[in-house]
Amino acid sequence: MTITLPGFELDRFVRETLAEDLGDGLPGGGRDVTSESVIPAEARFAGAMDTRDAIHVAGLPIAAAFFRALDPDMQIDILVEEGYQVPAGTDLMHLEGNARAMLTAERSALNTVQHLSGIATMVAGYVAAMDNPDCTLLDTRKTIPGLRHLEKYAVRMGGAANHRMGLWDAAMIKDNHVLVAGSVGEAVRRAVAAGVEEIICEVDRIDQIEPALAAGATRLLLDNMEPPTLREAVALVAGRVPTEASGGINLETIRAKAATGVDYVSVGRLTQSAPAADIGLDFTPL
């Protein structure tokens, strides 16, 4: 099982993550001092990675890449498909290979799977709470630097979709842009004049909707509006462009906001605040 993510270099990520843990380039670094001093070089382990939580799985192929980077001949069986929901106690991966390699890669592999599965699991919870097949849950750019592609991948594994990947793939006009431009309409007009095709415009008042649409916005982000105001905004837009509810949305409020007729609901905490899944790896000497 492999995954390919545009803009993400798996080999580089694995190499740099292991180098950080091993202290490459630091005095006395470049090694796993505990494994080297305690574990014979020829020792072999069997390993079983399992989850202690009910989770939606994300990141197993990346974990496998950490182990194979240190032991290319390691036997690895990934037992669960990415994005699947599994109960607590499920084995996710079986491994057999060099013991030192397995111990050295263990923490980097587990950190990755725990973090990504935690995101996927939280996302699935929000999708279930939203309970609206006509509305799509989106993430945001609130990601850990360097991990955006992986975290947004985990969002997809949890059943949601991605907002912008970054600053390059769509204009998103917010209050500070409006402050400089002078008005919502002027900010949108400047983006249109620059040849930007996708222009998302944030509005937090009903009276900003028509100027944004008239200027050429291709999506409206309805920020921090309560359900009655959201319904009014959706009615005013009348299907001319997609609408998105955003701002302070949680498990208790997402269903009511999605039910207002918006096309999207975006939630920053999906990547910003997801708790790590409890996943372990147990070894048996061979």
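Everything below is about the structure shown above.
This write-up is about the structure you can find in this document. Keep in mind it's a predicted model, so treat the numbers as computed, not measured.

How each quantity is defined
- Residues numbered from 1 in each chain as written.
- Predicted model: local features only at pLDDT ≥ 70, side-chain atom pairs only at ≥ 80, totals over all residues.
- Heavy atoms only, no water.
- Buried < 20%, exposed > 50% of the residue type's maximum accessible area, 1.4 Å probe, protein only.
- Helix = DSSP H or I, 4+ residues; strand = E, 2+ residues; numbered from the N terminus.
- Arc of directions from axis to C-beta.
- Contact = heavy atoms within 4.5 Å.
- Core = buried A, V, L, I, M, F, W, Y, C linked by side-chain atoms within 4.5 Å.
- Pairing = 2+ DSSP bridges.
- Axes fitted to C-alpha atoms, helices over the stretch in contact; angles between N-to-C directions.
- Parallel < 35°, antiparallel > 145°, perpendicular 65-115°, else oblique.
- Left-handed = near helix turned anticlockwise from the far one by under 90°.
- Nonpolar A, V, L, I, M, F, W, Y, C, P; charged D, E, K, R; others polar.

Some words on helix α9 (residues 227-237)
Phase 1 of the analysis: Turning to α9, its buried residues number three or more, namely P227, L230, A233, V234 and V237. Buried residues of α9, seen end-on, are gathered within an arc of 115 degrees and therefore sit on one face of the element. Set apart from the buried face of α9 by more than 90 degrees, the exposed residues are P228 and A235.
Phase 2 of the analysis: The elements touched by buried residues of α9 are α8 (209-215), β9 (219-223), β10 (243-246) and α10 (254-258).
Phase 3 of the analysis: A238, located one to two residues past α9, shows a positive phi value of around 50 degrees.

Description of the nonpolar core
Phase 1 of the analysis: Counting residues in hydrophobic clusters, the biggest one holds 83 residues, and the most contacted among them are M49, F67, L220 and V265.
Phase 2 of the analysis: Ranked by the residues each element gives to this core, the list is headed by helix α4 (residues 99-130), at 14 residues.
Phase 3 of the analysis: Leave out the neighbours within four places in its chain, and F67 touches M49, M74, I76, M93, L95, M102, A105, E106, A109 and L281.

Observations concerning the sheet that holds β10
Working definition: the strands of a sheet are paired by backbone hydrogen bonds and lie parallel or antiparallel to each other.
Phase 1 of the analysis: Read from one edge of the open sheet, 6 strands run β6-β11-β10-β9-β8-β7, paired in parallel fashion. Edge strands, defined here as strands with exactly one partner in the open sheet, are β6 (136-138) and β7 (171-173). Recorded for the sheet is a direction-independent mean angle of 25 degrees between the axes of neighbouring strands.
Phase 2 of the analysis: Here 4 bridges tie β9 to β10, and the two strands are oriented parallel to one another. Within β10, the residue paired with L221 across the bridge is E244.
Phase 3 of the analysis: Against the sheet, α4 makes contact with β6 and β11 (264-266), and its axis sits at roughly 145 degrees relative to β6, the strand it touches most.

Topic: the packing of α4 against helix α5 (residues 148-157)
Phase 1 of the analysis: Put simply, α4 and α5 touch, their axes get as near as 7 Å, and they point 40 degrees apart. Judged by the angle between their axes, α4 and α5 are oblique. Every pair of crossing elements has a handedness; the one defined by α4 and α5 is right-handed. Touching H115, L116, I119, A120 and V123 of α4 are L150, E151, A154, V155 and M157, all from α5.
Phase 2 of the analysis: Residues that form the contact of α4 with α5 fall into these classes: 8 nonpolar, 1 polar and 1 charged.

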